[in-house]
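# Results of the structural survey
Letter by letter, the chains look like this.
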Amino acid sequence: MAFPCVDQLEQRTQKFLQSFDGGPEPSYSNPVSGYSLYQHNEPFLLDHGGILPKFEIAYESWGELNADKSNVILLHTGLSASSHAKSHAANTAPGWWEKFIGPGLAIDTNRFHVICTNVIGGCYGSTGPSSIDPKDNKPYATRFPIITIFDMVRAQFDMLSSMGIHKLHASVGASMGGMQSLAAALLFKERVGKVISISAAARSHPYSIALRFTQRQVLMADPNWNKGFYYDKVPPHGGMKLAREIATISYRSGPEWEQRFGRKRAQPTTTPSLCADFLIETYLDHQGERFCLQYDPNSLLYVSKAMDMFDLSASTSAETAIRRARNTLRLQEGKGSSAPENAATPPEEQAAACVTGTPAAELKAKEEIQDDPKAQLNDLKQGLSTIKDIPTLVLGIQSDILFPVWQQKEVADCLRETGNKSVTYYELDSMYGHDAFLLEIVNVGSAVKGHLELKE
């Protein structure tokens, strides 16, 4: 029996080996162009204690910035997206939200100045595992520190501050971007005018964590991953391909695939093969093949882990803020800085009060609520209560299995029950699953446009 899929993998490996003799690097090393760079040249303390000595953020923008800089929309990306959401003169290739951004479109560039960034931890211009560590001029690889969604958002707002942008008209995102849009409102509630969160959640649930864990496991099982140190070697394209195939299963829906592929075989007159045989198999094979050389494997590991850890519950936010305060104090002490003026108040109390309005001593210990769904829900409500004054659009897709629609409803319900009187919630009946936010131009676009242009 022939195994063309296995042979193809070996052939691609040989091509990589040949490419190191003056040949081209893997395409993820520079897949996009035309972006600008924000450079942050001070140490940046991350939520789990790691420090980036400096970082860069790749960003692109569309539409004219008004005189008082009040018409800015920060567009957050999904896991593997670049800052290239829309074509422009410096990069005419279609962007990942090409038909949603432009004059008169869902995000109207006649009205708004749109900024989209590649998140830190990514590989499309922003600082991530493939970036050079200034300590030794070698790629960070897995020496890159663990990052969170909050870290990504704090870095973005540092960039906005450097631009003199002190308040956004709206924070907008889908999938992981929808997580960021909510996190932005929680961290910087005075700087966010409106929120749009599409096909996202306020906390990752076990099924989505399991899916992303499995992707990371198959990637790290590829011998070429080499514990993350592959940048001068053959990259783990086999593991990346399999990881993407698993992800693709969660991005689309069964009904779409029934209609699109059914049980059709690619070559029905031939003997069945153990390689890609059914049309659905060839589709997954193509998606994995296309992606495995477009995105840095280590970025997939770090950014997907950040999604797993995401939780806007009050206890988790307080823990994060306390840890951040402690690490900041240690950093200041290491620099020989004097303690802040309010140092008489313990950092734990300062942090918890800042995030939740509740002293740490009054927060229920996380262990006490782990097995109590009602307590967990109340914890989430308390965490989201700080967003009560921000008009928020929450949009879900009924066929989404990665971020099930009950998670978007949970966000909307929690916001309403804690006093937000400006919550709009829609469920779309689309067969495209999680990817509907990329494909449902009319339905998703209309909801986005209506919320952005609604007068308060």
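Residues numbered from 1 in each chain as written. Predicted model: local features only at pLDDT ≥ 70, side-chain atom pairs only at ≥ 80, totals over all residues. Heavy atoms only, no water.

### Quick notes on the pairing of strand 5 (residues 72-76)
Let me state the cut-off plainly: Only protein chains enter the accessibility calculation, which uses a 1.4 Å probe. A residue is then buried if its area is under 20% of the maximum for its type, exposed if over 50%, and partly exposed in between. Under the DSSP-based scheme used, a helix requires at least four consecutive residues in state H or I and a strand at least two consecutive residues in state E, with every element numbered from the N terminus. DSSP calls a pair of strands paired once it identifies at least 2 bridges connecting them.
Of all 5 residues in strand 5, 5 are buried, a share of seventy percent or more. A two-sided burial pattern is seen for strand 5, the buried positions comprising Val72, Leu74 and His76 on one face and Ile73 and Leu75 on the other. Pairing analysis gives 4 bridges linking strand 5 to strand 11 (residues 170-174), with the strands arranged parallel. Note that in strand 11 the partner of Leu74 across the bridge is Ser171.

### Thoughts on the sheet that holds strand 8 (residues 113-117)
As a reminder of what qualifies: What counts as an axis is a line fitted to C-alpha atoms, over the stretch in contact for a helix, and the angles between N-to-C directions run from 0 to 180 degrees. We call two residues in contact whenever any of their non-hydrogen atoms come within 4.5 Å of each other.
Across the sheet, 8 strands lie side by side as 1-4-8-5-11-12-13-14; this open sheet has mixed pairing. This sheet does not close on itself; its edge strands, each paired only once, are strand 1 (36-40) and strand 14 (423-428). Put simply, the sheet's adjacent strands are angled 20° from each other on average, direction ignored. In the sheet, strand 12 (residues 195-198) pairs with strand 13 (residues 392-397) via 4 bridges, with the strands oriented parallel. Considered in strand 13, the bridge of Ile198 is made with Leu395. Contacts from helix 2 (residues 149-162) reach strand 1, strand 4 (55-62), strand 5 and strand 8 within the one sheet, and its direction differs from that of strand 4 by about 65°.

### Looking at the nonpolar core
For clarity, the cut-off: The nonpolar core is taken to be a set of buried Ala, Val, Leu, Ile, Met, Phe, Trp, Tyr and Cys residues, with the residues joined through side-chain atoms within 4.5 Å. Throughout the structure description, domain borders are defined by an automatic or database domain assignment.
The biggest cluster of nonpolar side chains holds 76 residues, and the ones touching the most others in it are Ile149, Met152, Phe157, Tyr295 and Leu312. Lining this core are residues from two domains, each supplying at least three of them: domain 1 (4-29 + 209-304) and domain 2 (36-202 + 366-453). In this view, Phe157 contacts Leu74, Leu168, Ala184, Phe188, Arg191 and Val192; residues no more than four positions away in its chain are not counted. Counting 27 residues, the second-largest nonpolar core is a separate cluster that includes Ile101, Ala106, Val114 and Ala170.

### Let's talk about the pairing of strand 14
In this structure, strand 13 lies alongside strand 14, joined through 6 bridges in parallel fashion. Among the inter-strand pairings, Leu393 is bridged to a residue of strand 14, identified as Thr424.

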